[in-house]
There are 2 protein chains.
Amino acid sequence: VQETIEKTALKIFGKDIKIKGCGRTDSKVHGICYVANFKIETDLKEEEIKEAFNSNLPFSIRIKKVEFERDNFHSRYSAKSKVYRYLITEFPSPFLEGYAYYLKGKLDIEKMKIASRYIVGKHDFTSFCASGSSVENKVREVKRIEIKKERFTLDPEIKILVIEIEADGFLYKMARNIVGTLVDVGRGKIAPEEVRKIIEARNRKIAPPTLPPYGLYLKEVKY
Amino acid sequence: VQETIEKTALKIFGKDIKIKGCGRTDSKVHGICYVANFKIETDLKEEEIKEAFNSNLPFSIRIKKVEFERDNFHSRYSAKSKVYRYLITEFPSPFLEGYAYYLKGKLDIEKMKIASRYIVGKHDFTSFCASGSSVENKVREVKRIEIKKERFTLDPEIKILVIEIEADGFLYKMARNIVGTLVDVGRGKIAPEEVRKIIEARNRKIAPPTLPPYGLYLKEVKY
C-alpha cells in the first residue's frame, strides 16, 4: 500500500515522496482509517489532492481525507490515542469471510465487560504483547473498552459482537491478545477476576492465545 | 445455487430432491434470506438437517434455518409478503464493491420520503415493471417503504442509505425500479409529486431507470 501511494504521489507532484505511516499493521488487519503524512509544496487544495489520489490509485486503496498540518506533525508520533475494533460473528456468513472472526456458541457478554475493567488503565502489558517484540517499555494506558452488539448492515439478521479498544499506544498484537482473553472469559474458560492476575504476571505465556488478524480494524487515530 | 443444494440433498437423504424456491432472483442480487422448500420423509431433526447441509455445501452457500412445514406449504405461493433492502453508499469503499450502489453527491432524504408515500398502497405497477415481463396482472400492494441511514458495520465512518420495501409481491425488477425513481427524486431530477403521475401513466418508459442488482437484498419472506 505504501509503495503504491508513493508512486501515485510521484505521478501527481512530479517528486519523490516518502510517506510516514501511523504504525505497522499486520497483514489482513483492516486499516479503515489509516493515517500517513508527507511533506510537499503545492498550490493544490486539500480536496483536489484527495481527488488526484483517488483517480490514480487502484480501487482497493481509497483516500478518505486530506488535511494540511503543522510542519512538525507526524502521523505516528503526534498520535494521542488509537481506537481498534474487533468483530466477532455468531453466524458464518459468506459476506464476513475475512472480515469477522466466526465463533461457535454463545459468549457471556456481562462477564466479558467485568473482565474488561481489569484491563482499562495504565498497566505493564507484557502479558498481551507478542513475544519477540523489541519494545522495552511495555506500559500503556488502555483508555476505554466497549463491548456491544451491532446488526450487520449487509444482513441485519446477523448480530456482530464489536469490541472497541482505545489506548495511547498498542504493543505488537496487543489488541488481538486482549480480545483473545476477553473471548476466553466469555466462553467461561477463565473467570473475569483472573484477568487481573494475567496482567500482573507480565508473562505472555500465561494469557490466552491471540485472535486472527482479519477481525481487526484500525478505526481511528486521535491527535 | 439450486443445483448445488439439490446435489447436497441427494447426498444427505439418498434421494432425488427437487427444491422449490420463493421466486426468481436476478444475478448479483443477494438472497440473504431466500426461502425454499422440499418434501422428504426423515428421522432427522430440523437442526440436524441444517448441520448436514452446512457441512456439505460450499462455504458460499449457508443454510440459516430448517423448519418442518404443513404439507401444502409452498415457499413462493404461501408467501404473504416479501421485504427487499437496497443499499446506497456515499463513499466508494472497497468493502462495498458489489454490495452497495455508490452514488456521488447528496440525496434529499425528506423529498424521497414524500415520494415514497405515493408508492405505498395498492396500485398497478406497470411503470415499475421491466418491459418484457409476461405477468398480466400488475396490481401489487406496497405495504411499507422505509428510508433510513445506517452506519456500515465494517467501517462505521461510512453511512449507508437503506431503502426497505415490503410488498405482497414484486414484479420483475420492481424493487430496483422503485428505488431508481426515489433516487431521482432525492437528486432533484423529479419532484416528489411527479411519482404519482409516473404510477398513473402505467408506462415503464416514463419512469426513471432501474438501479444495478448488487445493491439489492431479499431481507425477509413473510408467511
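Refer to the structure above for everything that follows.
Not measured: the values here are computed from a predicted model.

### Details of the pattern of salt bridges
Logical step 1: All told, the structure shown has 44 salt bridges over all chains when counted by the stated rule.
Logical step 2: Among the salt bridges present, the one from Lys39(B) reaches Asp71(B), with a minimum N-O distance of 3.5 Å. Within this pair, whereas Lys39(B) is found in the loop between strand S2 (36-37) and helix H2 (46-56), its partner Asp71(B) is found in the loop between H2 and strand S3 (81-89), the two being separated by 32 residues in sequence. Take Lys39(B) and Asp71(B): they sit in the same class, and that class is exposed.
Logical step 3: Of the charged contacts, one joins Glu164(B) and Lys219(B) as a salt bridge, the two residues approaching to 3.3 Å between their closest N and O atoms. Taken together, the residues Glu164(B) in strand S7 (residues 155-167) and Lys219(B) in strand S8 (residues 216-222) connect sequence positions 55 residues apart.
Logical step 4: Connected through shared salt-bridge partners, Arg85(A), Arg144(A), Glu146(A), Lys148(A), Glu150(A), Glu164(A), Glu166(A), Lys219(A) and Lys222(A) make up one network.

### Digging into the relation of the copies chain B and chain A
Logical step 1: You can overlay chain B on chain A at an RMSD of 0.0 Å; the transform is a turn of 180 degrees with a shift of 0.0 Å along its axis. Such a turn and shift between the copies fits a two-fold axis. It is Thr153(B) whose C-alpha, among those of chain B, lies nearest the rotation axis, at 3.0 Å.
Logical step 2: When you check the interface residues of chain B against chain A, 97% turn up at the interface there too, and the contact is symmetric in its surfaces.

### Let's talk about the interface of chain B and chain A
Logical step 1: Each partner contributes residues to the interface: chain B has 32 residues there, and chain A has 31 residues.
Logical step 2: Between chain B and chain A, roughly 2,500 Å² of surface is buried when both sides are summed, and carbon and sulfur atoms account for 71% of that area.
Logical step 3: Where chain B touches chain A, the interface holds 4 salt bridges.
Logical step 4: Lys64(B) is paired through a salt bridge with Glu157(A); the nearest N and O atoms lie 2.8 Å apart.

### A closer look at helix H1 (residues 2-13) of chain A
Residue and element names in this part refer to chain A.
Logical step 1: Between its first and last C-alpha atoms H1 spans 16 Å; for 12 residues at 1.5 Å apiece the expected length is 16 Å, and the two agree.
Logical step 2: Considered for burial, the residues of H1 that qualify are Ile5, Glu6, Thr8, Ala9 and Phe13. End-on view of H1: buried residues confined to an arc of 160 degrees, all on one side of the axis. Facing away from the buried side of H1 by over 90 degrees, the exposed positions are Glu3, Lys7 and Lys11.
Logical step 3: Residues of H1 that are buried in the fold lie against helix H2 (46-56).

### What to know about helix H5 (residues 194-201) of chain A
All names here are of chain A.
Logical step 1: Buried within H5 are the following residues: Val195, Ile198 and Ile199. One side of H5 carries all its buried residues, which in axial view fall inside an arc of 95 degrees. Counted as exposed and oriented over 90 degrees from the buried face of H5: Arg196, Lys197 and Glu200.
Logical step 2: On the buried face of H5, the contacting elements are helix H3 (109-119), strand S5 (121-124) and helix H4 (174-186).

### Remarks on the packing of aromatic side chains
Logical step 1: A complete count under the given rule lists 18 aromatic pairs over all chains for this structure.
Logical step 2: Their ring planes at 90 degrees and their centres at 5.4 Å tell us that Tyr99(A) and Phe95(B) sit as a pair that is edge-to-face. Of this pair, Tyr99(A) sits in the loop between strand S3 (81-89) and strand S4 (101-102) while Phe95(B) is found in the loop between S3 and strand S4 (101-102), placing the two residues in two different chains.
Logical step 3: Judged by relative accessible area, which is 28%, Tyr99(A) ranks as partly exposed.
Logical step 4: Accessibility expressed as a relative area gives 18% for Phe95(B), which makes it buried.
Logical step 5: Through a chain of ring-to-ring contacts, three or more aromatic side chains come together here, namely Phe95(A), Phe152(A), Tyr99(B) and Tyr217(B).

### Regarding the packing of H3(A) against H5(A)
Residues and elements named next belong to chain A.
Logical step 1: With their axes 8 Å apart at the nearest point, H3 and H5 run at an angle of 30 degrees to one another. Relative to H5, H3 is oriented roughly parallel. For the pair H3 and H5, the crossing hand works out as right-handed. Residues Ala115, Tyr118 and Ile119 of H3 pack against Val195, Arg196 and Ile199 of H5.
Logical step 2: Considered class by class, the residues forming the contact of H3 with H5 number 5 nonpolar, no polar and 1 charged.

### Overview of the environment of Gly215(A)
Residue and element names in this part refer to chain A.
Logical step 1: Mapped onto the elements, glycine 215 comes out in the loop between H5 and strand S8 (216-222).
Logical step 2: When the C-alpha positions of glycine 215 and lysine 20 are compared, they lie 25 Å apart, and in sequence the two are 195 residues distant.
Logical step 3: Residue contacts for glycine 215: discarding those within four places in its chain leaves Arg85, Tyr86, Leu87, Tyr99, Ala100 and Tyr101.

### A few points about the side chain of Thr126(B)
Logical step 1: When you line up the elements, Thr126(B) lands in the loop between strand S5 (121-124) and strand S6 (139-152).
Logical step 2: Apart from the residues lying within four places of it in its own chain, the contact partners of Thr126(B) are Lys138(B), Arg202(B), Asn203(B) and Arg204(B).

Reading the values: the criteria
- Residues numbered from 1 in each chain as written.
- Chains lettered and ligands numbered in written order.
- Predicted model: local features only at pLDDT ≥ 70, side-chain atom pairs only at ≥ 80, totals over all residues.
- Heavy atoms only, no water.
- Salt bridge = Lys/Arg side-chain N within 4 Å of Asp/Glu carboxyl O.
- Helix = DSSP H or I, 4+ residues; strand = E, 2+ residues; numbered from the N terminus.
- Buried < 20%, exposed > 50% of the residue type's maximum accessible area, 1.4 Å probe, protein only.
- Least-squares fit on C-alpha atoms with pLDDT ≥ 70 in both.
- Contact = heavy atoms within 4.5 Å.
- Buried area = accessible area lost by both parts, 1.4 Å probe.
- Expected span 1.5 Å × (residues − 1).
- Arc of directions from axis to C-beta.
- Phe/Tyr/Trp six-rings, centres within 6.5 Å; stacked < 30°, edge-to-face > 60°.
- Axes fitted to C-alpha atoms, helices over the stretch in contact; angles between N-to-C directions.
- Parallel < 35°, antiparallel > 145°, perpendicular 65-115°, else oblique.
- Left-handed = near helix turned anticlockwise from the far one by under 90°.
- Nonpolar A, V, L, I, M, F, W, Y, C, P; charged D, E, K, R; others polar.

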